[in-house]
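Residue-level structural notes
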Amino acid sequence: MNRIRLYLDTIFMQYDSTKEAEDFHEEVLRNCRDRYQECLDSGMSDEEAQREVISHLGDIEDVLREMSDESARDSWKNLARTFAETVLTAARSVSDLVNIEENTQDFIYTEISDLKIHTKNSDIRLNKSENDDLRAVCDPERFTLSLREHCLEIRQSDTRIPHHTLSSFLHESRRSRNRIR
Amino acid sequence: MAIAGDLLRGNTDTMILRFLMEHDSYGYAINRSIRALTDQTYELNEATLYTAFKRLEKAGYISSYWGEEGSGARRRYYSITEEGKKKYQDNLIQWDETKIMIERLIR
């Protein structure tokens with residue numbers, strides 16, 4: 001049974017040890033132990049039993065890969081939501097800077113699962129500030145926010161507006177939010 | 001006996017629901033039942049089993065809980081929900097209709 005445990009450990013340690021992966025590991029290990037015992041009871045040698053157990057695993061790496069892809073998608077979704085919330089709150093408070101499309105005015109953040117930022121000169125950056133807030137830093141230009149199929153799109157327009165940046169309206173919004181609180 | 005793996009695999013979820021209709025169970029026990037009913041010719045591997053459990057749980061057809069075992073790795077038990085029971089009945093009806101259709105089409 002030790003070889004089986006080691007075999008599973010080697011596979012599982014190559015993937016993120018999320019709660020889900022750990023549960024999967026424990027469940028598989030338990031099933032393997034049951035099968036191993038049954039093989040021994042049926043008269044197989046230790047060696048044969050271990051080989052039999054391992055041959056019944058199937059592609060568990062595929063399951064683990066799928067799991068880690070899913071958790072990456074979830075993190076992105078959360079990031080998109082947090083960012084959308086910040087940007088939208090900001091946009092509402094500085095509406096002369098940002099054009100919010102009509103269908104995007106009253107959306108619910110949980111509807112969002114993706115985020116796209118269109119820029120004219122690809123110099124927009126997402127930065128983490130000291131207090132862990134996300135900041136979008138870019139040239140001072142006008143933006144359009146729109147929601148299409150669960151994706152918040154931030155589009156940089158051609159008109160340049162001097163002395164304002166997206167990060168400045170994020171700052172502005174934080175102030176106004178604090179005022180509301 | 002020559003068996004069509006694809007056809008069987010396509011019915012994995014219904015098989016699992018069927019065993020859970022009887023009582024709560026865990027992966028290895030379900031596999032043992034499948035083996036017994038197929039004269040040791042068929043069973044699900046760990047990856048297939050787990051993926052099916054996940055899918056069914058996400059859809060709300062089954063729920064799971066950990067058993068209280070004395071020592072070592074715990075067993076994860078699954079039980080069928082009311083929705084799962086309905087799903088099982090639907091799948092049976094679907095299977096009956098599909099079976100007839102396939103018969104007509106291939107013979």
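Data block above holds the structure.
Keep in mind it's a predicted model, so treat the numbers as computed, not measured. (Residues numbered from 1 in each chain as written. Chains lettered and ligands numbered in written order. Predicted model: local features only at pLDDT ≥ 70, side-chain atom pairs only at ≥ 80, totals over all residues. Heavy atoms only, no water.)

1. Some words on the side chain of D34 of chain A
Take D34 of chain A: it is sitting in helix α2 (residues 19-41). Contacts of D34 of chain A, omitting those with residues within four sequence positions, involve Y26, Y28 and R75 of chain B. (Helix = DSSP H or I, 4+ residues; strand = E, 2+ residues; numbered from the N terminus. Contact = heavy atoms within 4.5 Å.)

2. Overview of the interface of chain B and chain A
Residue-level contacts link 26 residues of chain B with 21 residues of chain A. With both sides pooled, the region where chain B packs onto chain A buries about 2000 Å², and carbon together with sulfur makes up 46% of that total. Linking chain B with chain A are 8 salt bridges, by the criterion used here. Put simply, E43 of chain B and R35 of chain A hold a salt bridge, and the shortest N to O gap is 2.7 Å. Viewed at the interface, chain A and chain B are joined by 13 residue pairs in polar contact (both at pLDDT 80 or more). Residue assignment for the side of chain B that touches chain A shows that the elements contributing at least two residues are α3 (27-37), α4 (46-58) and β3 (76-80) of chain B. Broken down by element, the side of chain B that touches chain A gets its largest block of residues, 8 residues, from α4 of chain B. Of the residues in the side of chain B that touches chain A, the class split is 10 nonpolar, 6 polar and 10 charged. (Buried area = accessible area lost by both parts, 1.4 Å probe. Salt bridge = Lys/Arg side-chain N within 4 Å of Asp/Glu carboxyl O. Polar contact = N/O pair within 3.5 Å; in protein donor to acceptor, adjacent residues only side chain to side chain. Nonpolar A, V, L, I, M, F, W, Y, C, P; charged D, E, K, R; others polar.)

3. With respect to the sheet that holds strand β2 (residues 62-66) of chain B
Residues and elements named next belong to chain B. Across the sheet, which stays open at both edges, the 3 strands sit in the order β1-β3-β2 with antiparallel pairing between neighbours. Each edge of the sheet is formed by a strand with only one pairing partner; in this case those strands are β1 (25-26) and β2. Bridging between β2 and β3 involves 5 bridges; their strand directions are antiparallel. Residue pairing in the sheet places I62 in a bridge with I80 of β3. The strands that helix α2 (residues 12-22) touches are β1, β2 and β3; relative to β3, the one it contacts most, it runs at about 85°. (Pairing = 2+ DSSP bridges. Axes fitted to C-alpha atoms, helices over the stretch in contact; angles between N-to-C directions.)

4. As for the environment of E85 of chain A
Residues and elements named next belong to chain A. With respect to the helices and strands, E85 occurs in helix α4 (residues 60-93). For E85, a relative accessible area of 34% corresponds to the partly exposed category. Taking C-alpha positions, E85 is 9.0 Å from I108, a pair spaced 23 residues apart along the chain. (Buried < 20%, exposed > 50% of the residue type's maximum accessible area, 1.4 Å probe, protein only.)

5. Points about the pattern of salt bridges
In a structure, side chains of opposite charge can pair up when their charged atoms sit close to one another. Summed over the entire model, instances satisfying the criterion amount to 21 salt bridges over all chains. The shortest N-O distance in the salt bridge between D13 of chain B and R55 of chain B comes to 2.7 Å. A residue pair is termed long-range when its members are at least 10 positions apart, and D13 of chain B in helix α2 and R55 of chain B in helix α4 qualify at 42 residues. For the salt bridge of E103 of chain B with R107 of chain B, the shortest nitrogen-to-oxygen distance reads 3.0 Å. Linked by salt bridges that have partners in common, R35 and E38 of chain A together with R32, R35 and E43 of chain B make up one network.

Purely geometric stuff here, so don't read any function into it on its own.
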